[in-house]
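In case you want the letters, here they are:
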Amino acid sequence: MSDRLSHIVTRTGDDGSTGLGDGSRVGKDSLRICALGEVDELNSVLGVLLAETLPDEVRAWLSEAQHDLFDLGSELAVPGYSALGAEHVQALEAVVAFLNEDLPPLKEFILPGGGRAAALSHQARSVCRRAERAVVALAQQETVSDAVRRYLNRLSDLLFVLSRYLNRQAGEPDVLWRPGRKTGEV
């Protein structure tokens, strides 16, 4: 950031518009700003997950993802700019493979839950999916790099597998969905 933010209150958005990194202005309800907001919320949810007690390697992966999400946000904030590439997606795939190594195969759907950190990882996954949908909607109207879409898709996969990994680390079982149960059945 070449210019430091010294004035947070600018009043330039009071008319319902906001500035992009290329100097153009768009409505705060534009698809681009909505996608940026979803990615920002995802980054915040990862920050909440990082406030939990986590294994060091998990903390490092999530911290790296937060930096990547800021880079991804810069792509959204500056039309035509590219910050993420195939190597970012491949790094996520490597983490997913590592996390999944010792987990039993899934034969049933699981519900969000278990330990607190795992539940927060599920929440981050659902926010990530929402961010991905916002980026896909934007990409139908404007140019968005394939790496951005692939990154969010892989990050949601990582967060799902991470929730199972964190439950296993905490000695918590996956919470299995019980289809066809009777109302009031526990």
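Heads up: these notes are all about the structure in this document. Predicted model, so just to flag it, every value in this text is computed and none were measured. (Residues numbered from 1 in each chain as written. Predicted model: local features only at pLDDT ≥ 70, side-chain atom pairs only at ≥ 80, totals over all residues. Heavy atoms only, no water.)

1. Re the packing of aromatic side chains
Scanning all chains against the criterion turns up two aromatic pairs. Ring plane angle 65 degrees and centroid distance 5.6 Å describe the contact between Trp-61 and Phe-98, whose orientation is recorded as edge-to-face. One end of the pair, Trp-61, is in helix H2 (residues 56–77); the other, Phe-98, is in helix H3 (residues 86–100), with 37 residues separating them in the sequence. A relative accessible area of 40% places Phe-98 in the partly exposed class. (Phe/Tyr/Trp six-rings, centres within 6.5 Å; stacked < 30°, edge-to-face > 60°. Helix = DSSP H or I, 4+ residues; strand = E, 2+ residues; numbered from the N terminus. Buried < 20%, exposed > 50% of the residue type's maximum accessible area, 1.4 Å probe, protein only.)

2. Overview of the side chain of Asp-68
Structurally, Asp-68 is set in helix H2. Leaving out residues up to four positions away in the same chain, Asp-68 has contacts with Leu-84, His-88 and Tyr-151. (Contact = heavy atoms within 4.5 Å.)

3. Here we look at the environment of Val-78
Positionally, Val-78 belongs in the loop between H2 and H3. Exposure remark for Val-78: the relative accessible area of 25% places this residue in the partly exposed category. Along the sequence, Val-78 and Arg-32 sit 46 residues apart, while their C-alpha atoms lie 9.9 Å from each other.

4. Some points on the side chain of Ser-121
By the element assignment, Ser-121 lies in helix H4 (residues 116–139). A residue is classified by how much of its surface remains accessible, and Ser-121, at 0% relative accessible area, is buried. Those residues in contact with Ser-121 that lie beyond four places of it in its chain are Leu-49, Leu-159, Leu-162, Ser-163 and Leu-166.

5. Focus: the packing of helix H1 (residues 31–50) against H2
Contact geometry for H1 and H2: axes closest at 10 Å, N-to-C directions at 165 degrees. As judged from the angle between their axes, H1 and H2 are roughly antiparallel. Helix-helix and strand crossings are classified by hand; for H1 and H2 the assignment is left-handed. From H1, Arg-32, Ala-35, Leu-36, Val-39, Leu-42, Asn-43, Leu-46, Gly-47, Leu-49 and Leu-50 reach across to H2, where they touch Arg-59, Leu-62, Ser-63, Ala-65, Gln-66, Leu-69, Phe-70, Leu-72, Gly-73, Glu-75, Leu-76 and Ala-77. (Axes fitted to C-alpha atoms, helices over the stretch in contact; angles between N-to-C directions. Parallel < 35°, antiparallel > 145°, perpendicular 65-115°, else oblique. Left-handed = near helix turned anticlockwise from the far one by under 90°.)

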